[in-house]
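An overview of the molecular structure
These are the residues of each chain, in order.
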Amino acid sequence: MKLRYKLMAVLLAACAGSFAVCAGFFALKMNTFTIQMATESHAGQMEARDYVFSEMVTDTRFDSMGDIAKEAYVKYQFGRCFGNGYALLKDQECLVNLTEFQILAPSLYAGEYMIQHLKEGQTALMMERQVSSLPQYRGYYGL
């Protein structure tokens, strides 16, 4: 084999290797960017829904309700305001779960978001937000 062909083969291998490294780096960055955009989008949605929910549960009638009536009212209004894909938790107990999966250990979710791997290759994006008008409640979004 001539020297020219050997040099071309080495250069071609170097180019292919650098392309593979760049493609891997790009895929990793794209994954991070996609997750960031999804969390920002859903955080905005949660904020808007939380505002409407807070307006409904801070009514003057809400303060005069008993504990059982308050909890039933909160559950009802949460279902109306948030809808599918959301869950309402109080302490470590799931009060309302409108997601497609069970929330077994809410204490494990920490931070702005968490990626939960489900069976059959499914992945869920879990986001937590404290309900602004009711500090003892937390809302979760699962995508």
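Everything discussed here concerns the structure shown above.
A brief report on the enclosed structure follows. Keep in mind the model is a prediction, meaning the values are calculated, not measured.

Section: the overall build of the protein chain
For the protein chain, the count of helices and strands is 3 helices and 5 strands. Mapped from its N terminus to its C terminus, the protein chain presents α and β elements in the order α-α-α-β-β-β-β-β. Here the protein chain holds 143 residues, and the buried ones make up 29% of them. For the protein chain, the proportion of contacts with a sequence separation of at least 24, taken over those separated by at least 6, is 46%.

So, the environment of His42
Assignment of secondary structure puts His42 in helix α1 (residues 3–57). Residues His42 and Leu125 lie 83 residues apart in sequence; the distance between their C-alpha atoms is 10.0 Å.

Some remarks on a nonpolar patch on the surface
A cluster of nonpolar side chains, Phe26, Met30, Phe33 and Met37, forms an exposed patch at the surface whose accessible area comes to about 420 Å². Note on placement: Phe26 falls in helix α1.

Thoughts on α1
The terminal C-alpha atoms of α1 lie 80 Å apart, and with 55 residues this matches the ideal 81 Å at 1.5 Å per residue to within 8%. For α1, the full list of buried residues reads Ile35, Ala38, Thr39, His42, Met46, Asp50, Phe53, Ser54 and Val57.

Regarding the packing of α1 against helix α3 (residues 67–81)
Where α1 contacts α3, the two axes come as close as 10 Å, and the packing angle between them is 145 degrees. As for the relative orientation of α1 and α3, their crossing is right-handed in sense. The segment α1 lies against α3, with Arg49, Val52, Phe53, Met56 and Val57 engaging Tyr73, Val74, Gln77, Phe78, Arg80 and Cys81.

What to know about the pairing of strand β1 (residues 86–90)
Taking burial as the measure, the 5 residues of β1 include 4 buried ones, the bulk of the element. Summarising the sheet, β1 and strand β2 (residues 93–97) pair through 4 bridges and their orientation is antiparallel. Across the sheet, the residue bridging to Ala87 is Asn97, located in β2. With antiparallel pairing between neighbouring strands as the criterion, β1 and β2 make up a hairpin whose turn holds 2 residues, including Asp91 at a positive phi of roughly 60 degrees.

Definitions and cut-offs
Residues numbered from 1 in each chain as written. Predicted model: local features only at pLDDT ≥ 70, side-chain atom pairs only at ≥ 80, totals over all residues. Heavy atoms only, no water. Helix = DSSP H or I, 4+ residues; strand = E, 2+ residues; numbered from the N terminus. Buried < 20%, exposed > 50% of the residue type's maximum accessible area, 1.4 Å probe, protein only. Contact = heavy atoms within 4.5 Å. Patch = residues over 30% accessible without salt bridge, like charges linked within 9 Å, V, L, I, M, F, W, Y side chains within 5 Å. Areas by Shrake-Rupley, 256 points an atom, 1.4 Å probe, with all protein chains shown as cover. Salt bridge = Lys/Arg side-chain N within 4 Å of Asp/Glu carboxyl O. Expected span 1.5 Å × (residues − 1). Axes fitted to C-alpha atoms, helices over the stretch in contact; angles between N-to-C directions. Left-handed = near helix turned anticlockwise from the far one by under 90°. Pairing = 2+ DSSP bridges.

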